[in-house]
Amino acid sequence: MLKGLENIIKEMDIDSMLISDIHNVRYLSGYKGDESYLLISEKSNYFITDARYTEQAAIECPEFVILDWKALGRSINDAIAYITEKEELKLMGIEEVVMSHKQYAELDKMISTKTCCISGIIEDLRTVKQPHEKEYLRKACAISDRAFNRILNDIKVGITEAELSAKLAYYLKIEGSDARCYENIFLSGPRTSLLHGIPSDRKITYGDIILMDFGAGYNGYLSDMSRTVVLGKANEKQKEIYNIIKESEEDVINMVKSGIAAKEAYHHSLKAVSGTEYMSYFYTGIGHGVGLAVHEKPYMSAASTDIIKKDNVITVEPGIYIPGWGGVRIEDQILITDDGCEILTNSSRQLIEL
Ligand SMILES: [Mn+2]
């Protein structure tokens with residue numbers, strides 16, 4: 001049995017769990033690849049993959065029995081059925097939000113083991129970062145700070161968003177990011193109101209607002225930060241909106257600590273915005289946990305029921321997005337402590353005019 005899982009298995013009165021979410025697979029096994037599953041029982045830990053990954057899995061996951069499902073049948077389900085029979089499993093937890101209906105329907109016919117839902121349980125464990133995870137997250141954030149510093153020199157009239165996005169991805173990797181990471185967001189001018197827009201062939205022009213949202217990975221642990229800058233002198237409206245968002249972000253950073261409800265942090269983010277003409281353009285999600293996944297628990301919004309705890313790593317990222325005009329977002333990644341937080345991304349939050 002893997003450390004930390006005994007209590008869960010006991011409390012839920014199950015004898016096994018099938019882990020299908022790839023971040024949970026990595027969290028529990030150390031495996032860095034894709035398309036693999038864990039079947040953890042009271043007696044043994046199985047790692048189910050295919051021949052593309054068996055050697056890698058044997059190196060990265062020494063605590064597991066490695067099974068190649070293609071050698072056992074036609075689908076992953078054949079390997080699951082093989083284990084449930086061999087281990088005489090009675091009740092297996094499955095991640096119902098990850099497994100497809102097709103796979104579930106087929107599996108249900110193949111096995112006599114009963115199943116129950118365990119989605120969110122490993123995700124809850126993942127929210128509280130262990131010392132090595134905190135170290136990896138600090139390193140990932142430092143990489144994104146260095147890449148940001150480099151990309152500022154490339155933002156010039158005539159270069160496109162897509163070119164800048166490619167350069168930023170290059171700087172992140174040269175500065176030490178994992179080879180595989182997630183795509184950055186690099187937007188300019190009126191396109192900055194597209195919260196998660198895709199970098200286009202739009203050329204940067206003088207006076208543009210430029211929004212970058214990006215991150216690095218370090219041993220699989222991710223950073224996520226955003227900065228909004230202006231090429232040239234910022235106009236009054238750009239400055240006004242930027243300062244509201246900066247104040248909103250700082251209001252949250254200054255109040256957040258272990259034990260605060262996520263929705264309370266959200267309400268604090270509104271102080272700087274409510275009463276201004278921009279309130280209806282303020283986005284309702286102001287942050288999220290970050291770790292092996294770029295968006296994970298806890299979620300920071302008005303509707304969230306999450307409580308922020310010590311050793312959570314979250315982003316704070318208020319933003320105002322006005323269709324046709326543009327948007328401003330400032331995002332930092334922080335580590336929650338008993339009495340406040342440690343800010344992991346250290347790039348300036350002052351408005352940068354290039
Ligand atoms: Mn984010």
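From a predicted model like this one, the values you see are computed outputs, not experimental measurements.

What counts and how
Residues numbered from 1 in each chain as written. Predicted model: local features only at pLDDT ≥ 70, side-chain atom pairs only at ≥ 80, totals over all residues. Helix = DSSP H or I, 4+ residues; strand = E, 2+ residues; numbered from the N terminus. Rg over C-alpha atoms; globule rule 2.2 N^0.38 Å. Contact = placed C-beta atoms within 7 Å. Domains from an automatic or database assignment. Nonpolar A, V, L, I, M, F, W, Y, C, P; charged D, E, K, R; others polar. Core = buried A, V, L, I, M, F, W, Y, C linked by C-beta atoms within 7 Å. Buried ≥ 20, exposed ≤ 12 C-beta atoms within 10 Å, placed from the backbone. Axes fitted to C-alpha atoms, helices over the stretch in contact; angles between N-to-C directions. Left-handed = near helix turned anticlockwise from the far one by under 90°. Pairing = 2+ DSSP bridges. Arc of directions from axis to C-beta.

Draft legend 1. Spotlight on the overall build of the protein. A tally of regular secondary structure across the protein gives 11 helices and 18 strands. For the protein, the C-alpha radius of gyration of 23 Å lies close to 20 Å, the compact-globule estimate for 354 residues. For the C-alpha atoms alone, the extent of the protein along its principal axes is close to 70 × 40 × 35 Å. Within the protein, contacts between residues separated by at least 24 positions form 62% of all contacts whose residues are at least 6 apart in sequence.

Draft legend 2. Seen up close, the domain arrangement of the protein. Splitting the protein by domain gives domain 1 (6–126) and domain 2 (128–343). Those elements that place two or more of their residues in the side of domain 1 that touches domain 2 are helix H2 (22–29) and helix H7 (121–127). Its residues assigned to classes, the side of domain 1 that touches domain 2 shows 1 nonpolar, 1 polar and 5 charged.

Draft legend 3. Layout of the nonpolar core. Membership of the largest hydrophobic core comes to 90 residues, with the highest contact counts inside it found for Ile 19, Leu 38, Leu 39, Ile 48, Ala 140, Leu 168 and Leu 172. The element that contributes the greatest number of residues to this core is helix H8 (residues 131–151), accounting for 8 residues. Residue-level mapping places this core at the junction of two domains, with at least three residues from each of domain 1 (6–126) and domain 2 (128–343).

Draft legend 4. A look at the packing of helix H10 (residues 236–255) against helix H11 (residues 262–270). Running from N to C, H10 and H11 cross one another at 140°; their axes reach a closest spacing of 7 Å. You can see that H10 and H11 cross each other, and the crossing is right-handed. Contacts between H10 and H11 involve Ser 248, Asp 251, Val 252 and Met 255 on the former and, on the latter, Ala 265, His 268 and Ser 269. Of the residues in the contact of H10 with H11, the class split is 3 nonpolar, 3 polar and 1 charged.

Draft legend 5. Looking closely at unusual backbone geometry. Cis geometry marks the peptide bond from Lys 297 to Pro 298, where omega comes out at -5°. Within the secondary structure, Pro 298 is located in strand E13 (residues 296–301). Even without being a glycine, Glu 35 presents a positive backbone phi close to 50°. When the 12 C-beta atoms within 10 Å are taken as the criterion, Glu 35 is described as exposed.

Draft legend 6. Here's a closer look at the pairing of strand E7 (residues 185–188). The two faces of E7 match: Ile 185 and Leu 187 on one face and Phe 186 and Ser 188 on the other face are all buried. Examined bridge by bridge, E7 and strand E8 (residues 209–214) share 4 bridges and lie antiparallel to one another. Residue Ser 188 lies in a different strand from E8, and its bridge partner there is Ile 210.

Draft legend 7. Expanded view of the pairing of strand E14 (residues 313–316). Both faces of E14 are covered, namely the face carrying Val 313 and Thr 315 and the face carrying Ile 314 and Val 316. Inspection of the sheet shows E14 paired to strand E17 (residues 332–336) by 4 bridges, in the antiparallel sense. Residue pairing across strands places Ile 314 opposite Ile 334, the latter belonging to E17.

Draft legend 8. Just the sheet that holds E8, in detail. One open sheet accounts for 3 strands, arranged E7-E8-E11; its pairing is antiparallel. If you trace the sheet from one side to the other, it starts and ends with E7 and strand E11 (225–230), each paired once. Averaged over all pairs of adjacent strands, the angle between their axes in this sheet comes to 10°, without regard to strand direction. Lying on the sheet, helix H9 (residues 161–174) is in contact with E7 and E8; it crosses E7 at an angle near 145°.

Draft legend 9. The environment of Asp 339, seen in detail. Along the chain, the position of Asp 339 falls in the loop between E17 and strand E18 (341–343). Residue classification places Asp 339 among the exposed positions, given that 8 C-beta atoms sit within 10 Å. For Asp 339 and Ser 258, which are 81 residues apart along the polypeptide, the C-alpha to C-alpha distance reads 6.7 Å.

Draft legend 10. Local environment of H11. For H11, the set of buried residues is Ala 262, Ala 265, Tyr 266 and Ser 269. Across the axial projection of H11, the buried residues extend over an arc of 105°, all falling on one side. For H11, the secondary structure elements touched by its buried residues are H10, strand E12 (285–289) and E13.

Draft legend 11. Structural detail: the sheet that holds strand E3 (residues 45–49). Here 6 strands make up an open sheet; going across it, the order is E4-E3-E2-E1-E5-E6 and the pairing mixed. The open sheet terminates on both sides in strands that have one partner only, identified here as strand E4 (65–68) and strand E6 (114–117). For this sheet, the mean angle separating the axes of adjacent strands, direction not counted, is 25°. With 4 bridges connecting them, strand E1 (residues 16–19) and strand E2 (residues 37–41) associate as antiparallel partners.

Draft legend 12. Representation of the packing of helix H5 (residues 76–86) against helix H6 (residues 101–110) within the structure. Put simply, H5 and H6 touch, their axes get as near as 10 Å, and they point 35° apart. Crossing angle aside, the handedness with which H5 passes H6 is right-handed. Residue-level inspection shows Asn 77, Ile 80 and Ala 81 of H5 in contact with H6, the latter providing Gln 103, Glu 106, Leu 107 and Met 110.

Draft legend 13. Spotlight on the environment of Tyr 27. For Tyr 27, the position within the fold is in helix H2. For the pair Tyr 27 and Ser 226, spaced 199 residues apart in the sequence, the C-alpha separation amounts to 26 Å.

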